[in-house]
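Chain residues, written in single-letter form:
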Amino acid sequence: MTQDHRGFALFRDDFSGEELLFREPSALIVAQEAGEFASALDAVEEARGAGRWLAGYVSYEAGYLLEPKLAPLLPAGRRAPLLCFGVFDGPDDPRARRPFRPSSNEEPRIEASRPRWSRTDYARRFERLHAHLRAGDCYQANLTFPIDARWQGDPLALFDDLARRQSVRHSALIELTGPVVLSRSPELFFEVSREGMIEARPMKGTVPRGRTREEDDAARHFLANDAKNRAENLMIVDLLRNDISRVTETGSLDVPELFRVESFSTVHQLVSHVRAKLAPGVDFSEILAALFPCGSITGAPKIRAMEILRELEGAPRDVYCGAVGWMAPGHRMAFNVAIRTLSLFGNGEARFDVGGGVVFDSTADGEYDECLLKARFATGASLQG
């Protein structure tokens with residue numbers, strides 16, 4: 001744990017307008033290396049036990065350290081901490097949001113976006129993944145790749161600018177240490193209520209919005225009824241049900257909703273709902289060990305999918321596909337799945353990643369096109385691969 005009095009963490013539901021703002025942490029809890037991770041989790045629990053709030057993120061690669069079989073796969077070259085949380089007395093008044101940091105006169109912008117993988121690069125890796133699917137090594141795997149870009153302006157202004165482009169329920173802006181994390185995620189990883197109910201809303205299945213109302217209605221109908229998208233979503237629901245059951249009371253697990261279509265400015269997505277009652281005494285570390293990383297951005301079965309993806313992707317995901325969120329004293333906490341998430345570096349460099357779930361009847365061209373479509377949250381227009 002390090003002392004620090006700078007930085008902030010902002011969380012917003014664009015649809016309701018609700019915000020949580022945390023400023024000026026009394027301390028930072030950071031794990032840069034594997035040997036620091038367990039003690040950092042202990043520090044998180046100690047701070048919560050002392051009645052403090054925490055806000056920050058867990059990077060995707062922390063998932064390797066939560067499973068002994070995967071720990072040797074932890075990649076070098078990571079550019080974000082494995083875990084980073086600010087410790088706070090509580091959230092600030094949201095009305096203090098505007099003056100809480102200096103602004104830039106530069107127009108907020110993401111530009112010069114370039115996929116690190118060409119269509120040919122993607123197809124080569126896709127074929128290797130498809131061989132694993134044919135062999136029965138996994139049933140689904142979420143193949144992802146980075147997009148390199150440049151950014152300018154104030155991160156808060158950029159956050160607002162991207163919100164005007166596409167509203168989401170689980171957005172966050174984190175400026176603590178390492179890169180500034182700007183997450184425009186539509187997906188809830190998990191939320192725990194004051195009463196100890198844990199909920200997850202896995203999102204799997206995507207189609208582009210139609211150009212006319214008729215096309216859009218047809219796209220929604222297709223997604224809601226398409227056997228392939230429903231099967232992909234159900235795989236992840238089953239995986240999450242299994243993960244959540246490890247930390248919840250027997251008989252409390254419920255799936256109140258399957259295959260609901262949620263609409264965003266550029267895509268429709270298929271969402272389901274899983275909930276259960278936490279077992280007595282379960283803490284954040286145990287929830288993380290059971291659920292992290294989210295199955296919607298790994299695949300099924302999770303551990304084998306992560307092994308295969310580590311070999312194919314070749315580079316750390318960092319905060320992308322991790323989780324960004326906050327914790328209150330007691331049970332309450334909420335974390336997103338860090339998709340549609342940018343890392344902003346001090347030299348004007350930006351990175352974000354895109355990906356999609358590959359199953360047996362997927363095609364390389366179709367999946368690559370879907371990835372480029374997902375990049376529009378940041379670029380505002382389709383990319384060329």
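For the structure, see preceding data.
Residue positions are given per chain, counting from 1 as you read along its sequence in written order. Confidence filtering applies because this is a predicted model: local features only for residues at pLDDT of at least 70, side-chain atom pairs given and counted only at 80 or more, and all residues used for totals across whole chains, interfaces and linings. Heavy atoms throughout the structure, all of them, feed into the side-chain values; hydrogens and water do not.

A. Local environment of empty space enclosed by the protein. A cavity here means a set of points on a 1 Å grid, drawn over the protein atoms and nothing else, where a 1.4 Å probe fits but cannot get out; a pocket is an open set with protein on both sides within 12 Å along at least five of seven lines, and a residue lines either one if it has an atom within 4 Å of a point. Grid points are joined across faces, edges and corners, and a volume is the space filled by probe spheres set on the points. Under the counting rule described, the total for this entry stands at 2 cavities of 30 Å³ or more. In this structure, the largest cavity occupies an estimated 80 Å³ of space. Along the walls of the largest cavity sit 13 residues, with Arg-317, Asp-318, Val-319, Ser-343 and Arg-351 positioned nearest its centre. Secondary structure elements follow DSSP: runs of H or I no shorter than four residues count as helices, runs of E no shorter than two count as strands, and numbering proceeds from the N terminus. Sorting the residues of the lining of the largest cavity by element identifies strand 19 (341-344) and strand 20 (349-358) as the ones contributing at least two each. Broken down by element, the residue count for the lining of the largest cavity peaks at 3 residues, all from strand 19.

B. Summary view of the pattern of salt bridges. The salt bridge criterion pairs a side-chain nitrogen of Lys or Arg with a carboxyl oxygen of Asp or Glu, the two atoms within 4 Å. Tallied over the entire structure, the rule returns 33 salt bridges. Across the pair Arg-184 and Asp-14 runs a salt bridge whose closest N-O atoms are separated by 2.4 Å. Remark: Asp-14 occurs in the loop between strand 2 (8-12) and strand 3 (19-23) and Arg-184 occurs in strand 10 (residues 180-185); sequence separation between them is 170 residues. Overall, the relative accessible area of 3% leaves Arg-184 in the buried class. Three exposure classes are used, based on accessible area relative to the maximum for each residue type with a 1.4 Å probe and protein chains only: buried under 20%, partly exposed in between, and exposed over 50%.

C. Quick peek at the packing of helix 3 (residues 119-134) against helix 8 (residues 302-313). Put simply, helix 3 and helix 8 touch, their axes get as near as 10 Å, and they point 155° apart. One finds that helix 3 runs roughly antiparallel with respect to helix 8. Considering how the two elements wind past one another, helix 3 and helix 8 form a crossing that is right-handed. Residue-level contacts link Arg-125, Arg-128, Leu-129 and His-132 of helix 3 to Arg-304, Ile-308, Glu-311 and Leu-312 of helix 8. Among the residues making up the contact of helix 3 with helix 8, the classes are represented as 3 nonpolar, 1 polar and 4 charged. To get an axis, fit a line to the C-alpha atoms, keeping to the stretch in contact for a helix; angles then go from 0 to 180 degrees between the N-to-C directions. Angle categories are assigned with fixed cut-offs, so that under 35 degrees is roughly parallel, over 145 is roughly antiparallel, 65 to 115 is roughly perpendicular, and the rest are oblique. A crossing counts as left-handed when the near helix is turned anticlockwise from the far one by less than a right angle, and as right-handed when that turn is clockwise. Should any heavy atoms of two residues lie within 4.5 Å, those residues are counted as being in contact. Residue polarity follows a fixed list, in which Ala, Val, Leu, Ile, Met, Phe, Trp, Tyr, Cys and Pro are nonpolar, Asp, Glu, Lys and Arg are charged, and the others, Gly among them, are polar.

D. Spatial organisation of the packing of aromatic side chains. Pairing of aromatic rings covers Phe, Tyr and the six-membered ring of Trp, with a centre-to-centre limit of 6.5 Å; geometry is then stacked below 30 degrees between planes, edge-to-face above 60, and tilted otherwise. Overall, the coordinates contain 18 aromatic pairs when judged by the stated rule. Geometrically, the ring pair formed by Tyr-60 and Tyr-64 is edge-to-face, given 6.0 Å between the ring centres and 80° between the ring planes. Judged by relative accessible area, Tyr-60 falls into the buried class, the value being 1%. Tyr-64 gets classed as buried once you look at its relative accessible area, which sits at 3%.

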